[in-house]
Amino acid sequence: MCGICGVVGHRPATPIVFEGLRRLEYRGYDSAGIATLDDGRIERRRAAGKLDNLAAVLEDQPLYGTTGIGHTRWATHGAPTVNNAHPHSTSRVAIVHNGIIENFETLRKELEAAGEVFETETDSETIARLADFHLAAGKSPREAAFATLRRLEGAYAIAMIFAGHEGLMIGARRGAPLAVGFGDGEMFLGSDSLALAPLTRRIAYLDDGDRVIITPEKAEFFDHTGKPVERTIQTTAAIAGSVGKDGYRHFMEKELHEHPLVIGQTLQRMVDPATRKVILPDMPFDLATIPRGVITACGSAYFAGMIGRYWLEEIARLPIDIDVASELRYRNPPLTPGSLGMLISQSGETADTLAALRALRGIGLPVLSVLNVEHSTMARESDVVLGTVAGPEISVASTKAFTAQLTVLACLTIAIARAKGTLDEQGEDELVAALLDLPTRAEQVFAHQDAIRNMARIVAEARDVLYLGRGSAFPVAMEGALKLKEISYIHAEAYAAGEMKHGPISLIDRTVPIVASIPSGPLFEKTLSNLQEAKARGGRLLAFTDEAGADRLSAVAEQTIALPKVHPFVTPIIQTIGVQILAYETALLKGTDVDQPRNLAKSVTVE
Ligand code: G6P
């Protein structure tokens, strides 16, 4: 959420910063801007809307200099206008900021009383004005920056440059990520290593509260008290080449097609090929004796957690509490001592999930995190990380990361069940075989893309859509409804199929299609009865089932997609791919911005 990029070096800064912003655009696209030092003077260009608008401005009015910072914004305080776009600057300093300065009103009043004149509605401008105030009083850039940081409350990742100080940039982070990239005679700052991937693979991550002073030759790190500290330089994986669309129309389409690959890659990491047993890293707790699990996450990751709950309770007999992180963090629930906290996040940076992590660890629970970005803040703060091997996910709406999360949760379920003795060897063999079968089966889902496109024609006409599912198909319905809302802007609600008669049934008429996830298995008949009830009231039924359920359903549903028949354990993974494709095809028909839907952003680092 909000992307930051900066460079101090010897090459023109603007193209480097702009390319970094391109790779960060998933974090927000309300406005964008770059500031550089041109002969020591601060110059900046800004534009409302996407980066292409900034590119047009830069073409008209190029920006020179070898020291520069840039920002792509997801608006919090202040409308997404040019005037509110970052960088915020005075004649002495320019800053970019990701996060929320919670005490900005107090600071603003103080600074206005001291003669600083504000130009925007943003909280972020306070940082520039406060630094300006200190610089005007004769402080050095470092003194001014540190004095400014001491006054800030809230969350931030910040980069600052200073008039008359070419080759100097100061960065800081608290609650929002920031990475330093080490180049050859040039240094970079970025919100993540993806932004810096084409520039360098040598990255150091700031710890929470850290500040950094960078010049073309070196980076000096300081902790929140201002004490010099060392931060390790890590070599990141080579991902620079893998973030194109590879011939697909959208990142989302490409990432949908990567489902089989990422499930396979994740399984390779978690299942020993020789013994076909699930292998987990060493755990600082005993899986056999944990009394309960607490799962928390946001967005799609939360739905992955809901599916995990069905598995962990049924197969491993582990009682699970689950809540969205934004609620859990403030609920102060009475948790059983020794419970295992389980977090799920693609980015590893989502503010609410991170806060929930800290709350759980704060009361002494061990935390296991299922993460895609392995150098993320959550990764650094967790007791155990189980990595999803989904690669960079660029589309704002999550797809492949979701099935990779499910793959990890399925393996974790097997490992806990084995440790607790609720799964015998034969049972484990059966479930592992079901998982290993998944990449092939996931690939087969795409044979149904034309049929799903036909279904999308009905959905695209609707103003409201109801999604239904029972058991582990219920969270699949929730994921399907969320995906549809996010990218096609059609209102969708998901209900547990059995709950339909307690309310949503009153919505049903010909204009409200019902999308059901109804795989064959023990709950098939129950869900089918619910669908019959909807049909009897004129509902148009669109069903995702499998080859074993197709005959029964085609007599009831207007359209039926018979996805590959798999072991009931892994059906939610296959069903999810179906409902995600439906959302994508619907969005195509609606002509929306699939990869960057309005108002949304990825890596949500604000509350
Ligand atoms: C945003 C994204 C969702 C994602 C959620 C949680 O809302 O648009 O696709 O599921 O954040 O993100 P995380 O990185 O924690 O999985």
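Predicted, not measured: the structure shown is a model, and the values here were computed from it.

Caption draft 1: Local environment of helix H13 (residues 400–420). A rise of 1.5 Å per residue sets the reference length of H13, with its 21 residues, at 30 Å; its end C-alpha atoms lie 30 Å apart and thus fit the reference within 8%. With 18 of 21 residues buried, H13 lies mostly within the body of the structure. Positive phi shows up at glycine 421, right after H13, with a value of about 75 degrees.

Caption draft 2: Local environment of the pattern of salt bridges. Here the structure, examined in full by the defined rule, presents 39 salt bridges. One salt bridge in this structure joins aspartate 593 and lysine 50, with 2.2 Å as the shortest N-O distance. In this pair, aspartate 593 is assigned in the segment after helix H20 (571–590) and lysine 50 in the loop between strand E3 (41–48) and helix H2 (51–60), connecting sequence segments 543 residues apart. Arginine 231 is the partner of aspartate 210 in a salt bridge, and the nearest nitrogen-oxygen pair spans 2.6 Å. Here aspartate 210, found in the loop between strand E11 (202–205) and strand E12 (211–214), pairs with arginine 231, found in the loop between strand E14 (228–229) and strand E15 (234–235); they are 21 residues apart in sequence, far enough to count as distant. Through salt bridges with shared partners, a single ionic network connects Glu116, Glu119, Glu125 and Arg129.

Caption draft 3: The arrangement of the domain arrangement of the chain in detail. When the domains of the chain are assigned, the result is domain 1 (3–235), domain 2 (248–436) and domain 3 (446–595). A C-alpha centroid distance of 25 Å is found between domain 2 and domain 3. Contacts between the two partners involve 33 residues from domain 2 and, on the opposite side, 26 residues from domain 3. Summed over the three residues of domain 2 that lose the most area to domain 3, namely His250, Met252 and Phe303, the buried surface amounts to 20% of that side. Remark: the boundary between domain 2 and domain 3 carries zero salt bridges. At the surface where domain 2 touches domain 3, the tally comes to eleven residue pairs in polar contact (both at pLDDT 80 or more). If you list the elements that add at least two residues to the side of domain 2 that touches domain 3, you get helix H7 (251–257), helix H8 (259–270), helix H9 (299–314), H13 and helix H14 (425–436).

Reading the values: rules and limits
- Residues numbered from 1 in each chain as written.
- Predicted model: local features only at pLDDT ≥ 70, side-chain atom pairs only at ≥ 80, totals over all residues.
- Heavy atoms only, no water.
- Helix = DSSP H or I, 4+ residues; strand = E, 2+ residues; numbered from the N terminus.
- Expected span 1.5 Å × (residues − 1).
- Buried < 20%, exposed > 50% of the residue type's maximum accessible area, 1.4 Å probe, protein only.
- Salt bridge = Lys/Arg side-chain N within 4 Å of Asp/Glu carboxyl O.
- Domains from an automatic or database assignment.
- Contact = heavy atoms within 4.5 Å.
- Buried area = accessible area lost by both parts, 1.4 Å probe.
- Polar contact = N/O pair within 3.5 Å; in protein donor to acceptor, adjacent residues only side chain to side chain.

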